[in-house]
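# Understanding the architecture of this molecule
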Amino acid sequence: MFDFNVCIAGAAGDGVKEAGEILAKLLSNMGYRVFVYQEYESLIRGGHNASVVRCSEKEIHSHRYYYDAMICLEDYVFEIHRKRLRGFLIHDSEFECDFEPSFSVPMLEIVKEAGMPNLYRNAAALGALCYIAGLDVGDLAKIFVAEYGDKAETDTEIASKAYEYAKENCRRVLTVLRISEGDGKVVSGSEAIALGMVRAGLKCYYAYPMTPASSILHCLAKKKFALAVQPENEIAAIMMAIGSAFAGKKSAVGTSGGGFALMTESVSLAGMAEVPVLIVLAQRSGPSTGMATFTAQEDLHFALNPAHGEFPLIVASPLTASDAFSLSATLLNMAWQFQTPAILLTEKHLTESYESAEFDENEVKVNELDIFDSETDGIFPRYEITENGISRYAVPPAIVKANSNEHDEFGITTDDAEMATRMYAKRMRKEDLIRAEAEKLEPYVCIRNGSDTVVTWGSNYGAVVEAAEELGYSVAGIRFLRPLILPEFKGEVVCVECNYRGLLAGMVEKEIGKKVSRILRWDGRPFTPEEIREALSKGR
Amino acid sequence: MGLRTEVKVSWCPGCGNFGILRAFEKAAGRLVDEGIPRGRIAVASGIGCHGKISDYLRLPSFHVIHGRVPPFLTGLKLANPDLIAVGFVGDGDGLNEGVEHLIHAARRNTDITIFLHNNNVFGLTTGQVTATSPKGAKGKSTPYGNPENPLNPCNLMLVSGATFVARAFAGKHSQLVEIMYSAIKHRGFSFVEILQPCVSFNDFWKIREEIHDIREAESVENALRLCRDKTACGIFYRKEEETFEDAVHRINK
Ligand SMILES: Cc1ncc(C[n+]2csc(CCOP(=O)(O)OP(=O)(O)O)c2C)c(N)n1
Ligand code: SF4
Ligand SMILES: [Mg+2]
């Protein structure tokens, strides 16, 4: 089965990320499934950027460790990747690379001749790749047009010059064949999340910029699918979301660990006042500022227990970009159904990676909400004590009163022992309903291959599935984390996570009462199938 | 039906908050008389003695957490521009815990009204100094005198771009009613500092003698000069400008 993994590496400002996206769209257009991993440092110019683009005839949700090809735009980045390159290298003739087989292409010269800035070398690189990998440079031009419109001409011209150069001076190493008329659609996890929320009726999104959640804000602001507002800080973001939800509009916020830390007092408020709000918590390496542009799964316990007091909270984590679409819609729905905060826990490797993804609009049903929104004379019994814990939602102009203090059925402050006992229990009863609903909603994805199981969560899933399939392990990708619902495990259990202690592993151990072995990393890099395969084989 | 709930008011007898509640009932009552449904006047209050006002009003309300009234009302107003958004904040609440929100709400010209219950003290936590307490003031946390300088709330709001800034005294009923009414009516961010004596921890009822009225200034610069005098009351400054909600909805059309 054809499977091709290319790394484009250079400095920030070299257009590495864009080149990766363009190549992915070209390959998707040719009928392949694609995945793009974007690695970059927290700086704007210089440093090291890499875009690993993989395409395959089968469904993939991961890049591979070893590269079949590499495009190198700066001499100093080659060493970072050398050990992974198992195919050919294309580099700018401005510098030498000690590698065989390698093709030297005068990218800077071509760009200078066209009178364009350095940044356009990415188009030259793609043009040369088209010849050497047997891709259609005409198809590449079409992608340029689709992406850049009128401005595509320069890219096309530079790419074809490089293509011609390669034709004269390099050799064709392989021919990547068109397998079907693909749609060229490649989406980032962030876009999937944004569209999922919009599908479920999102009206207001509030976010203070923070990698790796900012791309959700950018996407919503650009597309105007919902009001996308950037407030003064994360506390304001979630308070605005609570304000909008109190007025009856579906609202969400997005942030990463540090920003979420600022939000937590308000998460507790939303729990107390039974205001629905969706929080997208996109993890990055910590503690503190950590490695701001690198992936991690260190905030699991924090997301599960973020704030003071007890209140129902829903936490779930998507496995792939398509899953991010459905799960963000599901969680926004559930937040409103159960009138409580919900957290979509994800990570940089999902939000900022790109992949082929289909969104099934019909798969996600949007709940009809029973909201009382007429004028009233008296105070609406917003917190009526009911058997299942859910009271009718009401918004102004109904006279509806919400409160951060413990309150009676009308939302009036109380410290009466009996009322407090009943009201607290009413809220907590919703947890049973939430569990029942989560059980219906595919709380985990299970693939049965063998008696031993690799358990994982989040974006490790794609790499885990590949490695596990090869070695005959079953896979459990856990989606719902609160409530945690696990499949039955027969043999040994191994947990794959991007953190130091094995945070999910610990929770699984508690649930099943036996030891779970761990494959862990906390270096900010995502797992590849090769690395998981090696770790699993060692364990055997 | 009046604007008061049946909830028993728990403020100390003689507290300046009673004056604020009575004046607000009058001002809001006037809006209701003009045909605005009560349910369209949405209030929010912070944490402190002042925050209890939510319970006492038969209006949609949210008694939020400490310092966070402005962003709550900003989100409410964005979601439903038909609502009239009114916030009651304390000096500790609005100027210590959540001062950034007031500055940004003023800067944006969010169409909300903020009433600051300024008693120069943390009332509910039994008497510590706030951002408006004078240097040298003795409180439970500063038994030997406050080492910090106070800020002037009206000054802060004027330089932040508030389009309606006023000061009133909780004990001067008719002026307070007028100012509250005008503040609510103003389209844009309105800020009213209400001098609110706290009989238990900072009783300054006697400033009644010194309270005097000023005439509205034409420029921010003049307004800044006027508000330096801490017993000067009245509307310092107002102007019309596009509101935040209008701008957001215009841009997102
Ligand atoms: C985050 C947070 N910190 C501290 C408190 C404790 N607290 C309750 S009221 C208050 C001070 C209130 O002072 P002010 O805002 O001036 O209100 P007043 O009681 O004077 O009306 C404080 C610090 C709290 N409720 N929440
Ligand atoms: S402590 Fe002060 S502010 Fe609080 S109710 Fe009593 S008098 Fe009023
Ligand atoms: Mg005070």
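Residues numbered from 1 in each chain as written. Chains lettered and ligands numbered in written order. Predicted model: local features only at pLDDT ≥ 70, side-chain atom pairs only at ≥ 80, totals over all residues. Heavy atoms only, no water.

## A word on the overall build of chain A
Here is the rule we go by: Helix and strand definitions here come from DSSP, where helices need a minimum of 4 consecutive H or I residues and strands a minimum of 2 consecutive E residues; each element is numbered from the N-terminal end. Radius of gyration here is computed from C-alpha atoms only, and the compact-globule reference equals 2.2 Å multiplied by the residue count raised to the power 0.38. Type-normalised accessible area, obtained with a 1.4 Å probe on protein chains alone, sets the label of each residue: buried when under 20%, exposed when over 50%, and partly exposed for intermediate values.
Counting secondary structure elements, chain A contains 17 helices and 23 strands. By the compact-globule yardstick of 24 Å for 540 residues, chain A fits well, its C-alpha radius of gyration being 25 Å. In terms of its C-alpha atoms, chain A occupies a principal-axis envelope of roughly 85 × 55 × 40 Å. Going through the 540 residues of chain A one by one, you find that 63% of them count as buried.

## Some points on the interface of chain A and chain B
Applied cut-off: Contact criterion: two residues are considered in contact whenever any of their non-hydrogen atoms come within 4.5 Å of each other. As used here, buried area is the combined drop in accessible area, with a 1.4 Å probe, of two parts when they are placed together. Each salt bridge in this description consists of a side-chain nitrogen of Lys or Arg and a carboxyl oxygen of Asp or Glu lying within 4 Å of one another.
Listed by partner, the interface residues are 41 residues for chain A and 39 residues for chain B. Of the roughly 3200 Å² buried at the junction of chain A and chain B (both faces included), carbon and sulfur atoms supply 63%. There are 2 salt bridges connecting chain A and chain B. When the shortest N-O distance is used, the salt bridge between Glu232 of chain A and Arg108 of chain B registers 2.4 Å. Elements with a contribution of two residues or more to the side of chain A that touches chain B: β9 (227-229), α9 (234-246), α10 (257-273) and β17 (401-403) of chain A.

## A look at the sheet that holds strand β22 (residues 493-497) of chain A
The strands making up a sheet associate through backbone hydrogen bonding, with each pair oriented either parallel or antiparallel. All names here are of chain A. As a reminder, the rule being used: Only when DSSP finds a minimum of two bridges between them are two strands counted as paired. Between N-to-C directions, angles span 0 to 180 degrees; the directions come from axes that are lines fitted to C-alpha atoms, helices contributing only their stretch in contact.
The strand order across the open sheet formed by 5 strands is β18-β20-β19-β22-β23, and the pairing between neighbours is mixed. Two strands close off the open sheet at either side, each with one partner strand: β18 (444-447) and β23 (517-520). The sheet shows a mean angle of 20° between the axes of neighbouring strands, taken without regard to direction. As judged from the 4 bridges shared by β18 and strand β20 (residues 474-478), these two strands associate in the antiparallel manner. Each bridged residue has a counterpart across the sheet, and for Cys446 the counterpart in β20 is Ala476. Across the sheet, helix α15 (residues 461-471) is in contact with β18, β19 (453-457), β20 and β22; its angle to β20 comes to roughly 170°. Helix α16 (residues 503-512) rests against β19, β20, β22 and β23 of the sheet, and its axis sits at about 150° to β22.

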